[in-house]
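Letter by letter, the chains look like this.
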Amino acid sequence: MKSYVTNGMLIDGTGAPARPLHWLELDGERIGEICAGDGPVKPLPPGARIACDASGRTVMPGLVDAHCHISYGVARGIEEQDLFGSAEYRAIRGVYHARTVLQAGVTSFSDPGGSWYVGVAVRDAVKAGLFPGPRISAAARYLSTHVSLTDYFPSWVGTPRSGVGVLTEGASQMANEVRDQIKNGVDFIKIAASGESSILTPGGGSVPAFGAAEMKVIVDEAHRLGKRVTAHARSGQSVMDCIEAGIDWIMHADFMDRQQADRLAESGIPCCPALTFTANIADWGHIAGCSPSRIDRFKRDLDKAVTNLTYAHRNGVQMMCGTDSGFAVTPYGEWHARELELFVTLLGMSPLEAITCGTKNASITVDGANTGTLEKGKFADLLVVDGDPLADIRILQDKSRLAAIYLGGKPVDQTPQPPMQRWPWERSLQISERELSQPAVRAAMANQ
Ligand SMILES: [Zn+2]
């Protein structure tokens, strides 16, 4: 049965300027005809059912978050991310969080890696209609080496099976892990292509953890089996290796020099910087109890990222919005639209460009053929926004401004979920954040 969203302004996500909307047809789960712009207005069919009158509002595609880890469960640290919480609990918690993400106007997200097959299970539970949630594209554990991000613990502890990384030593293990993950239903493969930040390269940024030839083994095997590959790559060398290996899209890329950014632009490989995670710690880490030294490091990282990525964007690297949601500094449902704001304030984009990055561009990480823009034949995943995001991009972060969210032509129930209780066993075992020395105690007493 057909119904119609009428009036308001239309931002279709293709990058085309906003234009007046007369009506948009919801044809089952898909978009039918769209009548918009200054040309002649085609009348609605007689007896047309109006699903939503968007007068005075903006109609735009649902947001796409290209970087949301649904298995992390609002982790306050690496132990919570990797050790505490069973696979079973993580999966059930994941469906709760998926709904929270949807209620923030995110109608699709890509989960670039996490523990067990939690992302795959949440995707399937939502797809089967068991729980409400966005469209999800999921990876599993990051393919890692001993110097990768995700190989967090000392060698005498090893890489825990519950962790978000899987150690792959040598080409045969790499290819085998790709096959195993594909057998278990992943949509794409994630590589921890650069390292933990404690091991730095002279030029800044973490070490390249895989050589280009190793990544090529992974990419070729995944492509041979019809799946795509992304990578966490921060240092410029690591980005170069990803290009050589033929990766499908890149995460972060924040330590590229200009030459390397030019090469990324030439390659046509899109980039998801995930500035929100860094900016949240740099700007507000003190509110969440991050240590001053961490906040300082993230401020420096953010400055470099802004310089390097502004150049990259101006010189043709295609940008996608993603937030690294799933940590306690980036809880689900809170900051997905902040990346659009940061693209405007930090990378110098227009609000319209940022919206394209947060809809059409990001949708290639999920299902670009069927989502990301409001065009005939695509899924009717759309937002009706109270106000004009082109005048103030920040309004997309205000859930009270989301007058309606449609997923596959159906309105989403926006009633907030009851808050989630946390269990004592979810905590890491840290006893204190700082040292309780005698001078520290004396200073605190003197301040009372
Ligand atoms: Zn991430």
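Everything discussed here concerns the structure shown above.
In short, a report on the structure. (Residues numbered from 1 in each chain as written. Predicted model: local features only at pLDDT ≥ 70, side-chain atom pairs only at ≥ 80, totals over all residues.)

## Overview of the overall build of the protein chain
Note the threshold: Runs of E in the DSSP output that reach at least two residues are strands. Runs of H or I that reach at least four are helices, and both are numbered from the N terminus. All radius of gyration figures rest on C-alpha atoms, and the globule criterion is 2.2 Å times the number of residues raised to 0.38. Three classes are used. A residue is buried when 20 or more other C-beta atoms lie within 10 Å of its own, exposed when 12 or fewer do, and partly exposed in between, with C-beta atoms placed from the backbone. Once C-beta atoms have been placed from the backbone, residue pairs whose C-beta atoms lie within 7 Å are recorded as contacts.
Across its full length, the protein chain carries 12 helices and 18 strands. Relative to a compact globule of 448 residues, whose C-alpha radius of gyration would be 22 Å, the protein chain shows 22 Å and is just as compact. Taken along its principal axes, the extent of the C-alpha atoms in the protein chain is 75 × 60 × 45 Å. When burial is assessed residue by residue, the protein chain has 52% of its 448 residues classed as buried. Of the contacts made within the protein chain by residues no fewer than 6 positions apart, 69% connect residues no fewer than 24 positions apart.

## Things to note about unusual backbone geometry
For His252, which is not glycine, the phi dihedral falls at a positive 80°. Despite not being glycine, Ala253 has its phi angle at roughly 55°, a positive value. The topology assignment puts Ala253 in strand S14 (residues 249-255). On the basis of neighbour count, Ala253 is assigned to the buried category, with 31 C-beta atoms found within 10 Å.

## Points about the pairing of strand S4 (residues 30-36)
Let me state the cut-off plainly: Only strands that DSSP links by at least two bridges are regarded as paired with each other.
Taken together, the five bridges between strand S3 (residues 19-27) and S4 define a ladder with antiparallel strand orientation. Pairing of Leu24 across the sheet is with Ile34, part of S4. Count of turn residues in the S3/S4 antiparallel hairpin: two residues, of which Gly28 carries a positive phi of about 65°.

## Re the sheet that holds strand S8 (residues 106-111)
Convention followed: Only the stretch in contact is used when a helix axis is fitted, and all axes are lines through C-alpha atoms; the angle between N-to-C directions ranges over 0 to 180 degrees.
If you trace the three strands from one edge of the open sheet to the other, you get S7-S8-S9, paired in parallel fashion. Because the sheet does not close on itself, it has two edges, and the strands there are strand S7 (63-65) and strand S9 (135-138). Averaged over neighbouring strand pairs, the angle between their axes works out to 10° when direction is ignored. Helix H11 (residues 351-363) rests against S7 and S8 of the sheet, and its axis sits at about 65° to S7.

## Points about the environment of Ala231
With respect to the helices and strands, the residue Ala231 is situated in strand S13 (residues 228-235). On the basis of neighbour counts, which here come to 32 C-beta atoms within 10 Å, the residue Ala231 falls in the buried class. Taking the C-alpha atoms as reference points, Ala231 and Gln81, 150 residues apart in sequence, are found 19 Å from one another. Residue contacts for Ala231: discarding those within four places in its chain leaves Ile191, Ala193, Cys242, Ile247, Ile250 and Met251.

## Topic: the nonpolar core
Put simply, the rule reads: A set of buried residues qualifies as a nonpolar core if it consists of Ala, Val, Leu, Ile, Met, Phe, Trp, Tyr and Cys joined through C-beta atoms within 7 Å.
Core analysis: the biggest nonpolar cluster contains 124 residues, and Ile189, Ile191, Ile218, Ile247 and Ile250 have the highest contact counts within it. If one sorts the elements of this core by residue count, helix H9 (residues 292-314) sits on top with six residues. Among residues more than four places away in sequence, those in contact with Ile247 are Met215, Val219, Val229, Thr230, Ala231, Cys242 and Ile269.

## Remarks on the packing of helix H10 (residues 338-345) against H11
Quick note on the threshold: Convention used here: angles under 35 degrees read as roughly parallel, angles over 145 as roughly antiparallel, angles from 65 to 115 as roughly perpendicular, and any remaining angle as oblique. For a crossing to be left-handed, the near helix must be turned anticlockwise from the far one by less than a right angle; the clockwise case is right-handed. Each residue is assigned to one class: nonpolar for Ala, Val, Leu, Ile, Met, Phe, Trp, Tyr, Cys and Pro, charged for Asp, Glu, Lys and Arg, and polar for all the others, Gly among them.
Here H10 crosses H11 at 140°, and the two axes come no closer than 9 Å. Here H11 runs oblique to H10, going by the angle between their axes. The chirality of how H10 crosses H11 is right-handed. Residue-level inspection shows Glu339, Leu340, Phe343 and Val344 of H10 in contact with H11, the latter providing Pro351, Ala354, Ile355, Cys357 and Gly358. Counted by class, the contact of H10 with H11 contains seven nonpolar, one polar and one charged residues.

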